[in-house]
Amino acid sequence: AEAIKSSTGFGIEVTDKEILEAQKAIANSIGILVEPAAAAAFTGFKKIDSNSEIEWNAKILILLTGNGLKDISSMKSWNLKSDVKSYDEWKNILK
């Protein structure tokens, strides 16, 4: 809290649902499967950006660290469907 105050920064609250939606959006749009903790930073950015709280010429860095495979339980809600049913089918596709 002291670092935020002394740097004139601020924090923003995000929900678990928003974080999981962002995790899925990141995976779908840029192909990076991040862990939920990393998706939280992107979620906060989206909230701030949607409220027009970011100056148009601001330089922004969002670190998307961690591997989503650390917490695969978070992906259960994605309801992904695949026509590929087995490892052998995937192997043939990737050849």
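Residues numbered from 1 in each chain as written. Predicted model: local features only at pLDDT ≥ 70, side-chain atom pairs only at ≥ 80, totals over all residues. Heavy atoms only, no water.

Caption draft 1: Up close: the nonpolar core. Grouped together as the largest cluster of nonpolar side chains are six residues: I19, A22, I26, V34, A38 and A39. Considering each element in turn, this core owes the most residues, three residues, to helix α2 (residues 16–30). With near-sequence residues (within four places) excluded, A39 lies in contact with I19, A22, Q23, I26 and V34. (Core = buried A, V, L, I, M, F, W, Y, C linked by side-chain atoms within 4.5 Å. Buried < 20%, exposed > 50% of the residue type's maximum accessible area, 1.4 Å probe, protein only. Helix = DSSP H or I, 4+ residues; strand = E, 2+ residues; numbered from the N terminus. Contact = heavy atoms within 4.5 Å.)

Caption draft 2: Geometry of α2. In this model, α2 (15 residues) spans 21 Å end to end at C-alpha, consistent with the 21 Å of a helix rising 1.5 Å per residue. Those residues of α2 not exposed but buried are I19, A22, Q23, I26 and A27. Axial view of α2: buried residues confined to an arc of 135°, hence all on one face. Structural note: α2 exposes K17, N28 and S29 on the side pointing more than 90 degrees away from its buried face. Residues of α2 that are buried in the fold lie against α3 (36–50). Positive backbone phi, at 75°, marks G31, one or two positions downstream of α2. (Expected span 1.5 Å × (residues − 1). Arc of directions from axis to C-beta.)

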